[in-house]
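Structural overview
The primary structure of each chain is shown beneath.
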Amino acid sequence: EKGGYDYFMLKEIAEQPKAVADTLLGRIDAGGSLRLDEVRIGASELREVDKVVIVACGTAFHAGLIAKYAIEHWTRIPCEVELASEFRYRDPIMDQQTLVVAISQSGETMDTLMALRHAREQGARVLAICNTNGSTIPRESDAVLYTHAGPEVAVASTKAFLTQLVACYLVALYLGQVRGTKWGDEIRAVIRDLSQISGAVERVLETMEPVRELARSLAAKNTVLFLGRHVGYPVALEGALKLKELAYMHAEGFAAGELKHGPIALIEDDLPVVVVVPSPRGRSVLHDKIVSNIQEIRARGARTIVIAEEGDEAVVPYADHLIRIPATPTLLQPLVATVPLQVFACELATARGNEVDQPRNLAKSVTVE
Ligand code: M6R
């Protein structure tokens, strides 16, 4: 059942190109436009949405953080992302024009379920992004967009995360498509890029041996930090979460721009710091700023592990370890940048003798508040 892999997690990491392709299947028409009729919220209602609120937990929350960048950019609708466990306790402001998106692999997470019940009580419309057919969260939502990752058994979420991202991009692009924004051409181009992205994930998977080797060499470390900017910031948070739950190591993700406001004091000799570098072609200002961050932390002794696009030569002098990912449009980069972090955490867990599929103290689906 593990298909020849030692762990479900390894199998599920390897299944990601297919999971991504399956989640796109039938949702892009021959003319390159999105078809999301299954969502069953009419175009006129979607045009009236004036706020999007995303609620989720853990890895699904990180997918939501990335979705915010895509939704606000392509639709110009304000988007908030909130931990489901915090949401209803702060008396959030919602009405009929609020679209609440609840993201959940299992569809049974109690915190997320309670948040969506609260949203519906306030009159908001709820769209679930879910991987489990007929589970409670989609049943209690107004509409659902299923991710097609197939069953995810390992407690640490991998392929479900990538498909949640795909679903979030689909929602963002679809909202842009039905509402019409100045980004029409970009939206069409990104839909084309999205339809190619499964091949890019495949290529990342083919180059992971050096990442495994690096992970093994760090097995005796206590702390690893992760830095990112823009959509790379939630990727950094996801890399840190994977390491906590699998390797039981102290791991933290930071927005790279926040370094100078405190966390840089943590940098000490030989501390591994993973940096997710944005594309030099897209938001090049951010790229240049992150290259100076890498320089700064390296000057203070950090061991820099740099994840950067193929062809990005500016990072080479400051990278102790360089992990290459294929060039993608800026907003889609998390689909390729997350993969090495999953492999890294899985290999570190193995090297430390931890149970990969069943980390201590954790359950696959958290059905208590
Ligand atoms: O089933 P859900 O997507 O609602 O689960 C949410 C979190 O419990 C889940 O993503 C958790 O953080 C994972 N173990 C992370 O790998």
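Basis of the calculations
Residues numbered from 1 in each chain as written. Predicted model: local features only at pLDDT ≥ 70, side-chain atom pairs only at ≥ 80, totals over all residues. Heavy atoms only, no water. UniProt positions renumbered as here; feature names shortened; annotations may be inferred. Phe/Tyr/Trp six-rings, centres within 6.5 Å; stacked < 30°, edge-to-face > 60°. Lys NZ or Arg CZ within 6 Å of the ring centre and 35° of its normal. Helix = DSSP H or I, 4+ residues; strand = E, 2+ residues; numbered from the N terminus. Near = heavy atom within 4 Å. Polar contact = N/O pair within 3.5 Å; in protein donor to acceptor, adjacent residues only side chain to side chain. Areas by Shrake-Rupley, 256 points an atom, 1.4 Å probe, with all protein chains shown as cover. 1 Å grid on protein atoms, 1.4 Å probe; cavity = no way out; pocket = protein on both sides within 12 Å on 5 of 7 lines; lining within 4 Å. Sits in = over half its atoms within 2 Å of the grid points.

Labelled according to an unreviewed UniProt entry, the chain appears under the name Glutamine--fructose-6-phosphate aminotransferase [isomerizing], originating from Streptomyces nigra. The UniProt entry for the chain carries this comment under Subcellular location (unreviewed entry): "Cytoplasm". Regarding the chain, the relevant UniProt record gives this comment under Subunit (unreviewed entry): "Homodimer."

1. A look at the packing of aromatic side chains
Tallied over the entire structure, the rule returns 0 aromatic pairs. Over the ring of Y248 we find R360, and its NZ or CZ is 3.8 Å from the ring centre.

2. Side note on unusual backbone geometry
The phi torsion at R40 lies on the positive side, around 55 degrees, for a residue other than glycine. Its place among the elements puts R40 in the loop between α2 (16-24) and α3 (43-48). Within the chain, N361 stands out as a residue other than glycine whose phi angle is a positive 65 degrees.

3. Some points on the site of the ligand
Contacts to the ligand come from 13 residues, most closely from S104, Q105, S106, T109 and E245. In this structure, T109 approaches the ligand through a side-chain N or O atom, which is 2.5 Å from an oxygen atom. Within the contact set of the ligand, a nitrogen atom lies 3.1 Å away from a backbone nitrogen or oxygen of V155. For the ligand, the protein covers 90% of the area, taking 410 Å² as the surface of the free molecule. One can see that the ligand is located within the largest pocket. Going through the elements one at a time, α4 (58-75) and α11 (232-247) are the ones with two or more residues in the shell around the ligand. It is α4 that provides the largest number of residues to the shell around the ligand, a total of 3 residues.

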